[in-house]
Amino acid sequence: GESVGLHLPTLSVQEGDNSIINCAYSNSASDYFIWYKQESGKGPQFIIDIRSNMDKRQGQRVTVLLNKTVKHLSLQIAATQPGDSAVYFCAERPQGSYIPTFGRGTSLIVHP
Amino acid sequence: KAGVTQTPRYLIKTRGQQVTLSCSPISGHRSVSWYQQTPGQGLQFLFEYFSETQRNKGNFPGRFSGRQFSNSRSEMNVSTLELGDSALYLCASSSAGGSGNEQFFGPGTRLTVL
């Protein structure tokens, strides 16, 4: 069936480095993608989203890139800080559907 | 503005029992969605309520049900609990639901079934 997955389950970086978290999706009908951050003991927190008519979107210290040709999504975090340590999920929604499909998550560990 | 609140935060039940979880959305939000999060399956969509009506439903058995009240508060119920129902149950609210509307998640209710 259709699925959303992540290439790396754990990513360790040094404080100040840039982090890149990847996500592969297989549903070509998906037109909306979201990245969430989940800290221990908390619910997921919206970070940034992107629609399929875009290939890049920037937020504060974060950038999402969408490559529809290879069905790949990435989240770039600039100047990673210890507070960025969390599990990051991508999610995709097919056009016309409300129901999101979440990736399994990547654990980002930032070393001071 | 207060965030999404869920009660209780932690719950321990035994197999065969039933449980009711509560979610209060952000003021003004009319859409409430429920998710189950487990280490094995990750985050899975249960159902969504909008204006007291179930608008979308995921692939969960009928033991999982929910409802929404006129003040947008929502409850979900799980009957005849099984060990596999142990999970973090998350509630999320949004202003109108539907594709593209940002969802705000609560902290979740950690359910343990013994």
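Our subject is the structure listed above.
Residues numbered from 1 in each chain as written. Chains lettered and ligands numbered in written order. Predicted model: local features only at pLDDT ≥ 70, side-chain atom pairs only at ≥ 80, totals over all residues. Heavy atoms only, no water.

Caption draft 1: View of the interface of chain A and chain B. Facing 18 residues of chain A, the contacting portion of chain B comprises 27 residues. Between chain A and chain B the total buried area reaches about 1700 Å² when both faces are included, carbon and sulfur atoms providing 52% of it. On the chain A side of the interface with chain B, the three residues burying the most area are Tyr98(A), Phe102(A) and Arg104(A), jointly 37% of the side's total. Scanning the region where chain A abuts chain B turns up zero salt bridges. The tally of links from chain A across to chain B stands at four residue pairs in polar contact (both at pLDDT 80 or more). Of all elements in the fold, only β4 (30-38), β5 (45-51) and β9 (86-94) of chain A reach the threshold of two or more residues within the side of chain A that touches chain B. (Contact = heavy atoms within 4.5 Å. Buried area = accessible area lost by both parts, 1.4 Å probe. Salt bridge = Lys/Arg side-chain N within 4 Å of Asp/Glu carboxyl O. Polar contact = N/O pair within 3.5 Å; in protein donor to acceptor, adjacent residues only side chain to side chain. Helix = DSSP H or I, 4+ residues; strand = E, 2+ residues; numbered from the N terminus.)

Caption draft 2: Quick look at the packing of aromatic side chains. Per the counting criterion, the structure on display carries nine aromatic pairs over all chains. A centroid spacing of 5.5 Å and a plane angle of 90° characterise the contact between Tyr36(A) and Phe105(B), whose relative ring orientation is edge-to-face. With one member in each of two chains, Tyr36(A) in strand β4 and Phe105(B) in strand β10 (residues 104-105) form a pair that bridges those chains. By relative accessible area, Tyr36(A) is classed as buried at 2%. (Phe/Tyr/Trp six-rings, centres within 6.5 Å; stacked < 30°, edge-to-face > 60°. Buried < 20%, exposed > 50% of the residue type's maximum accessible area, 1.4 Å probe, protein only.)

Caption draft 3: Focus on the side chain of Asp85(B). Residues and elements named next belong to chain B. Position of Asp85 among the secondary structure elements: in the loop between β8 (74-78) and β9 (87-94). Residue classification places Asp85 among the buried positions, given a relative accessible area of 3%. Apart from the residues lying within four places of it in its own chain, the contact partners of Asp85 are Gln36, Arg63, Phe64, Val78, Thr80, Leu111 and Val113.

Caption draft 4: Summary view of the pattern of salt bridges. Residues and elements named next belong to chain B. In this structure the tally under the stated criterion is eight salt bridges over all chains. We note a salt bridge from Arg63 to Glu82, for which the minimum N-O separation is 3.6 Å. A residue pair is termed long-range when its members are at least 10 positions apart, and Arg63 in the loop between β6 (53-57) and β7 (64-68) and Glu82 in the loop between β8 and β9 qualify at 19 residues. Taking the relative accessible area as the measure of exposure, Arg63 reaches 16% and is therefore buried. Given the relative accessible area of 41%, Glu82 is considered partly exposed. Among the salt bridges present, the one from Asp85 reaches Arg63, with a minimum N-O distance of 2.8 Å. With Asp85 in the loop between β8 and β9 and Arg63 in the loop between β6 and β7, this residue pair connects regions lying 22 residues apart in the sequence. Like Arg63, Asp85 is buried.

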